[in-house]
Amino acid sequence: MKKRITFLALEKGYDGVCREIVALANNLVDLYDVSILFLKDNNDSINLNSKIEVIVNEPAFLESRKFYTDLFRKSNVIIATDQYFNKVVTKYSLSKTILWAHQEDTSPNMKILKHYDLIVVPNKFLKTQYQEYNDNVLIINDAIEFNDQKIANGDNLIFVGKLTKDKRLDMLINIFADVSKTFKTNLIIIGSGEERKNLEDLVKSKRLKNIYFRGLLTKEEVESEFLNSAIYVTCGKCDNNNLAMLEAMSYGVPIIAFDDIVEATSFIVDDINGYLIRNRNKDEMYEKIMELLTDKEKRKNFSLCAKEKSQEFDIYSLKIEWLKIL
């Protein structure tokens, strides 16, 4: 009888965390019985293996003892993908418990983390944080389903992620306004969030005609946008869009970001496959964007290096790391 792995996720949709859960689950389903609990179904198109059991449970039932005891009783390993599940996991689970942490610790009660058997994080920065509360913290890199053949050949700038204040898309729009004065290009913004209207108002106030808010797209639609892009640009300080950046790189799209995105320094190599801008210098970011847009030979070299670097984060390569702990 196969061991059963149960993932606990906030939303079923095309965001970074969900895409990584889907990639790992799809690669485990032939070895294990796999189920995924989502607290919300956004009805987005995700490429989930039909063998995987999908359970949707409203957040109102988060405290339902019977629901979780029944769910956990059938599972050998519970993988919580957000600290939102800390209480139910540590309270009701008798199985092996793993917290797969994709961002900084945010729980108001960090002591609860000691009850997890293991915490998995994607980088040294997060490992240092979580080791304060649990001795068993393991680094397994973020992983993508690597795109082997296709490579970008466009002139657009692109950003993928939630439209929230911390992503500083207002800064990106202001920088792009200067770029568009001297180079004919588009800025494609993919994602949803509470800042969308404010950002659209900013675009209107600047009378910019070449910024497109695409909302939530399918995997195939995002792929099409990556293939029509030249550069992925982000101005966020603590950007949790590692997966989006890695996916962009797998299509040969170089990244330009500020160097205080600690998590991204593991795959962005400055002046090799992208640029890491120091001191959040907006003028320098503008200059580097213009450099890659106008110097097609350099952009081609960056593109090839970006694609090569992304192979280190292929889910098939990292699958073995997960098999060791399940």
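Preceding this section is the structure that the text describes.
What counts as what
Residues numbered from 1 in each chain as written. Predicted model: local features only at pLDDT ≥ 70, side-chain atom pairs only at ≥ 80, totals over all residues. Heavy atoms only, no water. Pairing = 2+ DSSP bridges. Helix = DSSP H or I, 4+ residues; strand = E, 2+ residues; numbered from the N terminus. Axes fitted to C-alpha atoms, helices over the stretch in contact; angles between N-to-C directions. Contact = heavy atoms within 4.5 Å. Buried < 20%, exposed > 50% of the residue type's maximum accessible area, 1.4 Å probe, protein only. Arc of directions from axis to C-beta. Polar contact = N/O pair within 3.5 Å; in protein donor to acceptor, adjacent residues only side chain to side chain. Expected span 1.5 Å × (residues − 1). Parallel < 35°, antiparallel > 145°, perpendicular 65-115°, else oblique. Left-handed = near helix turned anticlockwise from the far one by under 90°. Nonpolar A, V, L, I, M, F, W, Y, C, P; charged D, E, K, R; others polar. Phe/Tyr/Trp six-rings, centres within 6.5 Å; stacked < 30°, edge-to-face > 60°. Lys NZ or Arg CZ within 6 Å of the ring centre and 35° of its normal.

S.K.: I'd like a rundown of the sheet that holds strand β1 (residues 4-12), residues and numbers included.
M.R.: If you walk across this open sheet you meet the 7 strands as β3-β2-β1-β4-β5-β6-β7, and the pairing is parallel. Of all the strands in the sheet, the pair left with one neighbour each is β3 (53-56) and β7 (137-139). Across the sheet, the mean angle from the axis of one strand to that of its neighbour is 25°, orientation sign disregarded. Relative to strand β6 (residues 118-121), strand β5 (residues 96-100) runs parallel, the two sharing 3 bridges. Each residue of the ladder has a partner; that of leucine 99, found in β6, is isoleucine 119. In this fold helix α1 (residues 16-28) packs onto β1, β2 (33-41) and β5, with an angle of close to 160° to the strand it touches most, β1.

S.K.: Run through unusual backbone geometry, naming residues and quoting values.
M.R.: For asparagine 279, which is not glycine, the phi dihedral falls at a positive 60°. Relative to the helices and strands, asparagine 279 is located in the loop between β13 (274-277) and α9 (282-294). Exposure remark for asparagine 279: the relative accessible area of 74% places this residue in the exposed category. The phi torsion at arginine 280 lies on the positive side, around 50°, for a residue other than glycine. Inspection of the secondary structure puts arginine 280 in the loop between β13 and α9.

S.K.: Which residues make up helix α2 (residues 65-73), and what are the values?
M.R.: Where α2 is concerned, the buried positions are Tyr68, Thr69, Leu71 and Phe72. All buried residues of α2 lie within an arc of 165° about the axis, which places them on one face of the element. Pointing more than 90 degrees away from the buried face of α2 are the exposed residues Lys66 and Arg73. Where α2 is buried, its residues contact β1, β2, β3, β4 (77-80) and α3 (86-92).

S.K.: Report on the side chain of arginine 299, specifying residues and quantitative values.
M.R.: Within the fold, arginine 299 resides in helix α10 (residues 296-310). With a relative accessible area of 9%, arginine 299 lands in the buried category. There is a polar contact of 3.0 Å between the side chain of arginine 299 and the side chain of aspartate 155. Within the structure, the side chain of arginine 299 is placed 3.2 Å from the backbone oxygen of leucine 292, a separation counted as a polar contact. If sequence neighbours within four positions are ignored, arginine 299 has contacts with Gly154, Asp155, Ala230, Leu292 and Leu293.

S.K.: Describe α10, and please don't skip the residues or the numbers.
M.R.: Here α10 contains 15 residues, and its C-alpha end-to-end distance of 21 Å stays within 8% of the 21 Å for a straight helix at 1.5 Å per residue. Taken together, the buried positions of α10 are occupied by Arg299, Phe302, Ser303, Ala306, Lys307, Lys309 and Ser310. Along the axis of α10, the buried residues cluster in a sector spanning 160°; they form a single face. Seen from the buried face of α10, the exposed residues on the opposite side, beyond 90 degrees, are Glu297, Lys300 and Glu308. Turning to α10, the residues buried within the fold contact β11 (229-233), α8 (242-250), β13 and α9.

S.K.: Can you explain the sheet that holds strand β8 (residues 156-160)? Please cite residues and give values.
M.R.: Taken in spatial order, the 6 strands of this open sheet run β10-β9-β8-β11-β12-β13, and their pairing is parallel. Strands with a single pairing partner mark the edges of an open sheet, and in this sheet they are β10 (211-215) and β13. On average, adjacent strands in this sheet sit at an angle of 20° to one another, irrespective of strand direction. Looking at chain direction, strand β12 (residues 255-258) and β13 are connected through 4 bridges and run parallel. Among the inter-strand pairings, isoleucine 255 is bridged to a residue of β13, identified as glycine 274.

S.K.: I'd like a rundown of the packing of helix α5 (residues 169-182) against α9, residues and numbers included.
M.R.: Where α5 meets α9, the closest approach of the two axes is 10 Å, and the angle between their N-to-C directions is 45°. One way to sum up the angle between α5 and α9 is to call them oblique. Relative to α9, the crossing made by α5 is right-handed. Counting all contacts with α5, which are made through Met171, Ile175, Asp178, Val179 and Thr182, the residues of α9 involved are Lys282, Met285, Tyr286, Ile289, Met290 and Leu293. Of the residues in the contact of α5 with α9, the class split is 8 nonpolar, 1 polar and 2 charged.

S.K.: I'd like a description of the packing of aromatic side chains, backed by residues and values.
M.R.: The description of an aromatic ring pair rests on the distance of the ring centres and on the angle between the ring planes. In the structure shown here, the tally under the stated rule is 9 aromatic pairs. Here tryptophan 100 and tryptophan 322 contribute two aromatic rings whose centre-to-centre distance is 4.8 Å and whose plane-to-plane angle is 65°, an arrangement assigned as edge-to-face. Note that tryptophan 100 is positioned in strand β5 and tryptophan 322 in helix α11 (residues 315-323), a separation of 222 residues in sequence. Across the pair, exposure class does not vary: tryptophan 100 and tryptophan 322 are buried alike. Ring-pair connections join several aromatic residues into one group, and the members of that group are Phe7, Trp100 and Trp322. The ring of tyrosine 275 is capped by lysine 288, whose NZ or CZ atom sits 4.5 Å from the centre of that ring.

Everything listed here is a matter of coordinates, which is why it stays silent on function.
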